[in-house]
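Structure at a glance
Listed here are the chains, written in short residue letters.
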Amino acid sequence: MTDITQTILTEFPVRKTTKQKEAFRLWLCHQLKQMGYKPALESRGSSTNVVCGDVQRARYLVSAHYDTCASLGLPDPVTPCDPLLYLLYQGTVALGLLAVSFLAALAVSFPLGMPGLFLPLLLLFYLGSFWLLLAGPANRQNANNNTSGVATLLAVIDRLPREARKRVCFVFFDDREKGMLGSAAFRRQHGPELRQDLVHICLDCVGDGDYLVLVPSKQCRWDGELLDALRENVTAGEGKTVDIRLGGYFLYPSDCRRSKRHILVSAFHRKPFVGYYTLRTRTRWDTVLDRENVRLLSQGLARFLAASV
Ligand SMILES: [Zn+2]
């Protein structure tokens, strides 16, 4: 049997340029057809989503973004339960970029003897550095962000029994890393026709860490039936913990944030005081993709979907 996860890691490790994304989508659509689906490409602006299933009838939308990010080589620790630490780090990065821009603007305007040039240059360099963070050089390793989500989504798709497939829609979103443009385009196109009670399950960075964390949105936390089905079907394995998080602060913006009823699924490490964290995403050390996470989550979610639709 071909190992789909390994194929993505070796054949499509970076999915950032138009060409890289096209090649990946071609392969992806081939896989989906082999699994018995009819994938459709939906393009809006620069984003192309791959959509499988009946959007109007779907009770569940399960997604993962397939694009990969830019990187300036800076670490990007994520601490969803600790906003202070997160803001402190982001603030330090912003100040660091300001300092570099300041020196660069000075280095250009001073030798030219044109002090009037300093402020416009400072602004240009500073804004330019943020643009580079979003659209700059490609990060070369993207095992967790988000090859892990794509591999898990494909495994859910493959495992889902035929009779359940009519009520689930699967979307591989583009341009999460450019400000969630792909999921915004999907919302604009399909928003009015989606069911009011649709639940969006979003897989983002599920491959690195032994804590598999499911975070239902406020509107889902009151749905006892849904939570029971989640608890019953998405279960832990050896050395792995499943945490269905129903309270406390958790900041992790992803493609599901515009869906009222959603469940974010992500994997983390955990330490006292900091709580959940990941350190490797958006760096060249993003090389960890734990197959056990893919297996547990895809098995659990496929069981959950089959029992719930
Ligand atoms: Zn991601």
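Okay, so let's go over this structure. (Residues numbered from 1 in each chain as written. Predicted model: local features only at pLDDT ≥ 70, side-chain atom pairs only at ≥ 80, totals over all residues.)

Between Asn145 and the following residue, Asn146, the backbone shows a cis peptide bond with an omega angle of 0°. Within the fold, Asn146 resides in helix H5 (residues 143-159). Positive phi values are uncommon outside glycine, yet Met180 reaches one of about 55°. With respect to the secondary-structure elements, Met180 resides in the loop between strand S4 (168-173) and helix H6 (181-190). (Helix = DSSP H or I, 4+ residues; strand = E, 2+ residues; numbered from the N terminus.)

So, on to the pairing of strand S6 (residues 211-216). Burial of S6 is extensive: 5 of the 6 residues sit out of reach of the surface. In this sheet, strand S8 (residues 262-271) lies alongside S6 in antiparallel orientation, the contact comprising 6 bridges. Among the inter-strand pairings, Leu212 is bridged to a residue of S8, identified as Ala267. (Buried ≥ 20, exposed ≤ 12 C-beta atoms within 10 Å, placed from the backbone. Pairing = 2+ DSSP bridges.)

This part is about the environment of Gly53. Tracing the sequence through the fold places Gly53 in the loop between strand S2 (47-52) and strand S3 (60-65). Look at Gly53 and you get buried, because 23 C-beta atoms sit within 10 Å. In this view, Gly53 contacts Ala58, Arg165, Val168, Cys169 and Phe170; residues no more than four positions away in its chain are not counted. (Contact = placed C-beta atoms within 7 Å.)

Below, the discussion takes up the packing of helix H8 (residues 224-233) against helix H9 (residues 291-308). Packed helix pairs are characterised by how far apart their axes lie and by the angle those axes make with each other. Their axes nearest at 8 Å, the elements H8 and H9 cross at an angle of 140°. If you check the angle between H8 and H9, you find them oblique. As H8 runs across H9, the sense of the crossing is right-handed. Here H8 contributes Ala229, Leu230 and Asn233 to the contact with H9, which in turn contributes Gly300, Arg303, Phe304, Ala307 and Ser308. The class makeup of the residues in the contact of H8 with H9 is 4 nonpolar, 3 polar and 1 charged. (Axes fitted to C-alpha atoms, helices over the stretch in contact; angles between N-to-C directions. Parallel < 35°, antiparallel > 145°, perpendicular 65-115°, else oblique. Left-handed = near helix turned anticlockwise from the far one by under 90°. Nonpolar A, V, L, I, M, F, W, Y, C, P; charged D, E, K, R; others polar.)

Leu153, Phe172 and Val265 are the most contacted members of the largest nonpolar core, which totals 59 residues. Ignoring anything within four residues of it in the chain, the contact list for Phe172 reads Leu28, Asn49, Val50, Ala64, Tyr66, Val150 and Leu153. (Core = buried A, V, L, I, M, F, W, Y, C linked by C-beta atoms within 7 Å.)

Below, the discussion takes up the packing of helix H1 (residues 4-11) against H5. Interaxial distance between H1 and H5 falls to 9 Å at its minimum, and their mutual angle equals 145°. H1 and H5 meet at a crossing whose hand is right-handed. Side by side, H1 and H5 meet where Ile4, Thr5, Ile8 and Leu9 of the first sit next to Ala143, Thr147, Val150, Ala151 and Leu154 of the second. A per-class count over the contact of H1 with H5 returns 7 nonpolar, 2 polar and no charged.

Along the chain, the position of Met35 falls in the loop between helix H2 (18-34) and strand S1 (40-44). Residue Met35 is classed as partly exposed on the basis of its 15 C-beta neighbours within 10 Å. The sequence separation of Met35 and Tyr89 amounts to 54 residues, and the corresponding C-alpha distance is 43 Å. Sequence-distant contacts of Met35, defined by excluding residues within four places in its chain, comprise Ile157 and Asp158.

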